[in-house]
Amino acid sequence: MASNICADLRQGLTTSSADETRDIASKLATLVPNDTVLALHGDLGVGKTTFVQGLAQGLGITEPVTSPTFNLYTLHEGPAGRLLHLDAYRMESAAELDGLMLEDFLVTPWIAAIEWPERITDWLPKNTWHLHLGITAEENHTIKLQ
Ligand SMILES: Nc1ncnc2c1ncn2[C@@H]1O[C@H](COP(=O)(O)OP(=O)(O)OP(=O)(O)O)[C@@H](O)[C@H]1O
Ligand SMILES: [Mg+2]
């Protein structure tokens, strides 16, 4: 699995623990092209923030990654790159990001992880990677790269 996580993600992966989800995200963080936006689709509690915790691990970020629902976004700087973690749950449009100067933080190499990306589709670049997270009837968590 480790060797070709992107191909596996395109097929769709099932995880049975939060650590397994973090592990996949951590590997992905080292493989995505520099300066990629990752749109994390999926309902409440499917594991989007858990996935971002794994991305942070992969970038060598040691400070905790928590749900930024109340402060919209969090900026992390790690030895292998910067991580913008944005939770758009409470947003109505991408216009609300105007004036925050998020771009100033995005000094290469970076990853931007967006929860609830459908709220701000106008902000997402064309080369955004779309990941769909879900939970099966058997309570397994699933992750699929579009
Ligand atoms: N296989 C798994 N993958 C991811 N999370 C899991 C898994 N199994 C259990 N969990 C648990 O499910 C919860 C997922 O919560 P998380 O905050 O990551 O979801 P979320 O998609 O960010 O939700 P929200 O939309 O509210 O922000 C965590 O408590 C995590 O520990
Ligand atoms: Mg979350």
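That block above? That's the structure.
Right, let's walk through the structure included here. What you are looking at is a predicted structure, and each value in this text was computed from that prediction instead of being measured.

Basis of the calculations
Residues numbered from 1 in each chain as written. Chains lettered and ligands numbered in written order. Predicted model: local features only at pLDDT ≥ 70, side-chain atom pairs only at ≥ 80, totals over all residues. Heavy atoms only, no water. Donors = N, O, S within 2.8 Å, 3.2 Å for Na, K, Ca; no water. Helix = DSSP H or I, 4+ residues; strand = E, 2+ residues; numbered from the N terminus. Buried < 20%, exposed > 50% of the residue type's maximum accessible area, 1.4 Å probe, protein only. Salt bridge = Lys/Arg side-chain N within 4 Å of Asp/Glu carboxyl O. Polar contact = N/O pair within 3.5 Å; in protein donor to acceptor, adjacent residues only side chain to side chain. Contact = heavy atoms within 4.5 Å.

### Description of the coordination of the magnesium ion (ligand 2)
- Protein-derived ligands of the magnesium ion (ligand 2) are Thr49 (OG1) and Glu115 (OE), with the metal-ligand distances lying across 2.1 to 2.2 Å. Of this pair, Thr49 sits in helix H3 (residues 48-58) while Glu115 sits in strand S5 (residues 110-115), and the two are 66 residues apart along the sequence.
- Taking the relative accessible area as the measure of exposure, Thr49 reaches 16% and is therefore buried.
- Among the residues examined, Glu115 registers a relative accessible area of 3% and is labelled buried.

### Brief notes about the pattern of salt bridges
- Under the defined criterion, the tally for this structure stands at 3 salt bridges.
- Arg22 serves as the salt-bridge partner of Asp19, at 2.6 Å between the closest nitrogen and oxygen. Within this pair, Asp19 and its partner Arg22 are both found in helix H2 (residues 18-31), separated by 3 residues, close to a single helical turn.
- The class for Asp19 is exposed, based on a relative accessible area of 55%.

### A few points about the side chain of Thr36
- Checked against the element boundaries, Thr36 lands in strand S2 (residues 36-41).
- Judged by its relative accessible area of 5%, Thr36 falls in the buried class.
- A polar contact is formed between the side chain of Thr36 and the backbone oxygen of Pro33, at a distance of 2.6 Å.

### Things to note about H3
- Counting buried positions over the 11 residues of H3 gives 9, a clear majority of the element.
- Those residues of H3 lying buried are Lys48, Thr49, Thr50, Phe51, Val52, Gly54, Leu55, Ala56 and Gly58.
- Those residues of H3 hidden inside the fold are in contact with H2, S2, strand S4 (81-87), S5, strand S6 (129-135) and strand S7 (141-145).

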